There are 2 protein chains.
Amino acid sequence: MSPPKDHRFRRRVTAWDVARAAGVNQSVVSRAFNAGSRVAPETRERLLAIAKELGYAPNALARGLLTGRTRLIGITTVQINSEISSRLLQNLGLGLLSVDLHPLLLPLSPQGVLADEIHRLFTFDVDALVLVSAAISPALVEACTAWGRPVILLNRVAPGHRLHSIRTDDYGGGRLAAQHLLERGAQSLAFVSGPADATNVQARRDGFFAAAEAAGQPPPRIVAGDFAYPSGVVAGRTLLGGPGRPDAVFCANDVMALGLMDVARELGIRIPGDLQVVGFDDITAASFAGYSLTTLRHDLDIVAAETVALLADLQRDGEASLVDRVVSARLIDRRSTHDL
Amino acid sequence: MSPPKDHRFRRRVTAWDVARAAGVNQSVVSRAFNAGSRVAPETRERLLAIAKELGYAPNALARGLLTGRTRLIGITTVQINSEISSRLLQNLGLGLLSVDLHPLLLPLSPQGVLADEIHRLFTFDVDALVLVSAAISPALVEACTAWGRPVILLNRVAPGHRLHSIRTDDYGGGRLAAQHLLERGAQSLAFVSGPADATNVQARRDGFFAAAEAAGQPPPRIVAGDFAYPSGVVAGRTLLGGPGRPDAVFCANDVMALGLMDVARELGIRIPGDLQVVGFDDITAASFAGYSLTTLRHDLDIVAAETVALLADLQRDGEASLVDRVVSARLIDRRSTHDL
C-alpha cells in the first residue's frame, strides 16, 4: 500500500530556512522576531517579508528557548484511571491551555513508586511539576525541594507543608460525615481506611474521629482498606459478618463503600435501615440507582483553577509564597443514609 | 509570608549563556552540540567545557527546533473521564515517553465539538495528533487531512479510512455478544445504541445484527442511548417495562448496561434467569459483585503499543502507509449471562 499524499510529513519551516533565504545568520532572524532586540529596521522588515512568504512563524517553544522558559508544565498522575485524577487532569489541561501553558503528561508506570521515579521526571524540560494524588514520602518531598523548580501537590500535602499544596478539605469532609451519620441516629461508627501514604486518608479519619469525640462517642472502629473495590468487600465481611456490627460506616473513598454495600446486600442487611454508609469522592457509580451512596464531593473546578492561577503567577514572577490552599468538600445526601 | 528559597524559580542555563561566556555567536554553540555540524574541534571542546561548568545541556526542545520536529505528540480526549479514554491515555503516555516522544495533553472543553475546535489544536507545535474516541464528522476528517501532519484516530475510524486508525474490533465484539447470548438460549434479542457519531457503536450493532441473522434470528429491537447511565435506565424502562420484553440485551457500553440492570432489579426481573445482559468496555464497575456484567474487553495495551510504534515510525521516516489496525475484543464471561 503506497502512502497517500495526505499523510506525508510536511517539514516545518524554521528560522534557519528564513536565514538561508535572506543570506543572514540564524541569530539575526531570532532577534528580528523578538521585540526589543537590536536589529536594523530595514533588516527586520525584509526578514518578516521573507518569513511570511515561506510560512515561518516563531513558535512558543522557540520563544521558550530564548527566555529560559518552555511554558511546559509536567503533570504526573499515579492512577490516571481513578475517576477523580482523570477529571482533575481534564480541568487542569483546559485551564493551562487557556493561559498559554502546555500540559505535558508524565505518567508513572503502573507499579511505579513516585519517590523512585521522580528524578527521571526532573529531566524533562518543564517549568513546574504538578503531582496528582501522589504517595507522599520524606524522600519524595526532599527530592522535590532540592529540584529548584516549583512542585505542586494536588489532593495531598507534604509534611510540614514544604511544597505547594492545593486540596480538598479532607478533615472537614470527615467531620461532615460523622455529623451527618450521628444526626441520622447512628450509635456505633466505623471507618474503612486507605493507603498509609495517602495524606488525605489521614485527614479524613482525623476529622471523622474529632467529630465523633465532640459528640461524646467512643472512637470508631477502624478496618484497613487500600482504595480498591476488593478491599471494600473484605472490610464489609469483617465489619458486617460478625458480632458487634456497626450501624454506620464511613469509607475513605466511594469505590470501597460500593464493595461494602454489595456485601451488605448479599448478607440481607438493609441500607439505610440497618446500616448507613458514607463514601468520599462522588464518582459516577455512587449515583447509580443500585447504590445511591451519600458521599463528599470535591470541587475540582476550584482545585484546577487555583493550580492554574498559581502556575501563571510563577511564570510571571518566577517565585511565589508557599501556597497551601484547602477547598471545601460538599456532602451529597443520597439514599444510603436516608430512608425514602 | 516571604517566599521560601526552595520555591524560587531557578533560571535555566541556555545556549546564549554559553555563547556569552565563550565570546562566540549562539549558533556556534548550537553547532557544537549537534553531531555532524561543522565546528573546529578545539572550539567544540572549549564550548563543551564551558557548558559543563555552567550546567548547560541542550534539551530535546532545542534539538527539535534544529530538526524541525518538536517530538511533542498532541493527545486530544473528548471525555477524559471515561474510564477507557483515561486508561488509554495512561498507556499511551508511558509508551511515548519510552521512545523519547512527549505527550502534550490537549483536552477539549466539556461541551466542545471537536470539528469546531480542531483548527485551534493545529496551532500547537506538535508533530502529530492522536484523537481518542473522537466524534467523527466529514468536516473533521477534511480538516485533519488538510492539516498535512499525521492524525491518528483511536477507537474510531474515518469514512473511507482516510486517517490512521487503531481500534478495538467492535464488529467482532458485537458478533461475539450475539453468539454468546444465543448459545445461552436467548430467543429475543435487543440492542441499546450509543451516540450517532460514534463509529464504534455502528460497528458493534452491525456485528450483533449479522450474527443474529446468521443464526436465523429476526433483527433485534433497537433502543437509542447516549453512552451515559441515565440513558441506560431509560432504555431499561422502555425494553423491560412493557409487553414484548426481550430475554437478552446487548448494550453498546457497560455504563448503560448497569443502568438497565438497575431497572431490572427494581422491576424484580431476575438476571440472568429472566434476562441476560452483555455490555462493552469492561470498566471497573462491571466486575462489582452487585452487577457482575458479561462484557467485551478492549486490549488497550496493544492499542497503545501500536500507536506508539506508528508515531515512532513517522518520526523516523516522515511518512507511513495509512494504518488501519483492528485489535480483537475479548468476551469476559460473568454472572449476567451465566447462572451459577
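Residues numbered from 1 in each chain as written. Chains lettered and ligands numbered in written order. Predicted model: local features only at pLDDT ≥ 70, side-chain atom pairs only at ≥ 80, totals over all residues.

## Details of the overall build of chain A
On a plain count of helices and strands, chain A comes out with 12 helices and 12 strands. A total of 340 residues make up chain A; the buried ones form 52% of that total. Looking at chain A alone, contacts between residues at least 24 apart form 69% of all its contacts between residues at least 6 apart. (Helix = DSSP H or I, 4+ residues; strand = E, 2+ residues; numbered from the N terminus. Buried ≥ 20, exposed ≤ 12 C-beta atoms within 10 Å, placed from the backbone. Contact = placed C-beta atoms within 7 Å.)

## Comments concerning the environment of B:Gly207
All names here are of chain B. Position of Gly-207 among the secondary structure elements: in helix H9 (residues 199–214). With 37 residues separating them along the chain, Gly-207 and Asp-170 place their C-alpha atoms 7.5 Å apart. Ignoring anything within four residues of it in the chain, the contact list for Gly-207 reads Asp-170, Tyr-171, Gly-172, Gly-173, Gly-174 and Arg-175.

## So, the sheet that holds strand E9 (residues 276–278) of chain A
Residue and element names in this part refer to chain A. Pairing within the open sheet is parallel, and its 4 strands lie in the order E7-E6-E8-E9. One side of each edge strand has no neighbouring strand; the edge strands of this open sheet are strand E7 (221–223) and E9. On average, adjacent strands in this sheet sit at an angle of 20° to one another, irrespective of strand direction. In this sheet, E7 lies alongside strand E6 (residues 189–192) in parallel orientation, the contact comprising 3 bridges. Across the sheet, the residue bridging to Val-192 is Val-223, located in E7. Running over the sheet, helix H11 (residues 254–267) touches E6, strand E8 (248–251) and E9 and is turned about 145° from E8. (Pairing = 2+ DSSP bridges. Axes fitted to C-alpha atoms, helices over the stretch in contact; angles between N-to-C directions.)

## Points about the sheet that holds strand E7 (residues 221–223) of chain B
Residue and element names in this part refer to chain B. On the basis of which strands lie adjacent, the open sheet formed by 4 strands has the order E7-E6-E8-E9 and parallel pairing. Only two strands of the sheet have a single partner each, and these edge strands are E7 and strand E9 (276–278). Geometrically, the sheet is characterised by an average inter-axis angle of 20° between neighbouring strands, direction not taken into account. Relative to strand E8 (residues 248–251), strand E6 (residues 189–192) runs parallel, the two sharing 4 bridges. Within E8, the residue paired with Leu-189 across the bridge is Ala-248.

## Some remarks on the environment of B:Ala312
Relative to the elements of secondary structure, B:Ala312 occurs in helix H12 (residues 300–317). For the pair formed by B:Ala312 and B:Met261, sequence separation is 51 residues and the distance between their alpha carbons is 43 Å.

## A short note on the nonpolar core
Residues A:Leu260 and B:Leu260 are the most contacted members of the largest nonpolar core, which totals 94 residues. If sequence neighbours within four positions are ignored, A:Leu260 has contacts with A:Val192, A:Gly232, A:Ala235, A:Gly236, A:Val249, A:Cys251 and A:Val277. Counting residues in hydrophobic clusters, the runner-up holds 90 residues, among them A:Val157, B:Val126, B:Val130 and B:Ala304. (Core = buried A, V, L, I, M, F, W, Y, C linked by C-beta atoms within 7 Å.)

## Let's talk about unusual backbone geometry
Residue and element names in this part refer to chain A. Each neighbour pair has its own omega, and for Ile-271 with Pro-272 the value is 5°, a cis peptide bond. For Asp-282, which is not glycine, the phi dihedral falls at a positive 60°. As for its position among the elements, Asp-282 is in the loop between E9 and strand E10 (295–297).

## Quick word on helix H5 (residues 83–98) of chain B
Residue and element names in this part refer to chain B. Taking 1.5 Å of rise per residue, 16 residues should cover 22 Å, and H5 covers 23 Å from first to last C-alpha, within 8% of that figure. Among the 16 residues in H5, 15 count as buried, and that is most of the element. A positive backbone phi angle near 65° is found at Asp-100, which sits one or two residues after H5. (Expected span 1.5 Å × (residues − 1).)

## Considering the pairing of strand E1 (residues 72–77) of chain B
Residues and elements named next belong to chain B. Counting buried positions along E1 gives 6 out of 6 residues, so the element sits mostly inside the fold. Residues Leu-72, Gly-74 and Thr-76 point to one face of E1 and Ile-73, Ile-75 and Thr-77 to the other, with burial holding for every one of them. Strand direction decides the pairing type here: E1 and strand E2 (residues 102–105), joined by 4 bridges, are parallel. The residue of E2 that forms the bridge with Leu-72 is His-102.

## What to know about the confidence of the model for chain A
Mean pLDDT for chain A: 88, with 89% of residues reaching 70 or above. Confidence metrics for the complex model read pTM 0.84 and ipTM 0.82. (pLDDT = per-residue confidence, 0-100.)

## Section: the packing of helix H10 (residues 229–240) of chain B against helix H11 (residues 254–267) of chain B
In helix packing, the relevant descriptors are the interaxial angle and the interaxial distance, both defined with respect to the helix axes. All names here are of chain B. Following both chains from N to C, one finds H10 and H11 inclined at 45°, their axes separated by 7 Å at the closest point. Relative to H11, the element H10 lies oblique. For the pair H10 and H11, the crossing hand works out as right-handed. Together, Tyr-229, Pro-230, Ser-231, Gly-232, Val-233, Ala-235, Gly-236, Arg-237 and Leu-240 of H10 and Val-255, Met-256, Ala-257, Leu-258, Gly-259, Leu-260, Asp-262, Val-263, Ala-264 and Leu-267 of H11 make up the contact between the two elements. Looking at the contact of H10 with H11 residue by residue, the classes come out as 13 nonpolar, 4 polar and 2 charged. (Parallel < 35°, antiparallel > 145°, perpendicular 65-115°, else oblique. Left-handed = near helix turned anticlockwise from the far one by under 90°. Nonpolar A, V, L, I, M, F, W, Y, C, P; charged D, E, K, R; others polar.)

## A look at the environment of B:Val308
Residue and element names in this part refer to chain B. Within the secondary structure layout, Val-308 lies in helix H12. Put simply, Val-308 and Ser-98 are 210 residues apart on the chain and 9.2 Å apart in space, counted from C-alpha to C-alpha. Dropping the residues within four chain positions of it, Val-308 is found in contact with Gly-95, Leu-96 and Val-99.

## Remarks on helix H10 (residues 229–240) of chain A
Residue and element names in this part refer to chain A. Over its 12 residues, H10 extends 16 Å from the first C-alpha to the last, a length consistent with the 16 Å expected when each residue adds 1.5 Å. Tyr-229, Ser-231, Gly-232, Val-233, Val-234, Ala-235, Gly-236 and Leu-239 are the residues of H10 that are buried. For H10, the secondary structure elements touched by its buried residues are E6, E7, E8 and H11.

## So, the packing of helix H6 (residues 114–122) of chain B against helix H7 (residues 138–147) of chain B
Residues and elements named next belong to chain B. Contact pair H6 / H7: the axes reach a minimum separation of 9 Å and the direction vectors enclose 15°. Here H6 is positioned roughly parallel relative to H7, judged by the angle of their axes. Read as a crossing pair, H6 and H7 show a hand that is right-handed. Across the interface between the two elements, Leu-114, Ala-115, Ile-118, His-119 and Phe-122 from H6 touch Ala-139, Leu-140, Ala-143, Cys-144 and Trp-147 from H7. Grouping the constituent residues of the contact of H6 with H7 by class yields 9 nonpolar, 1 polar and no charged.

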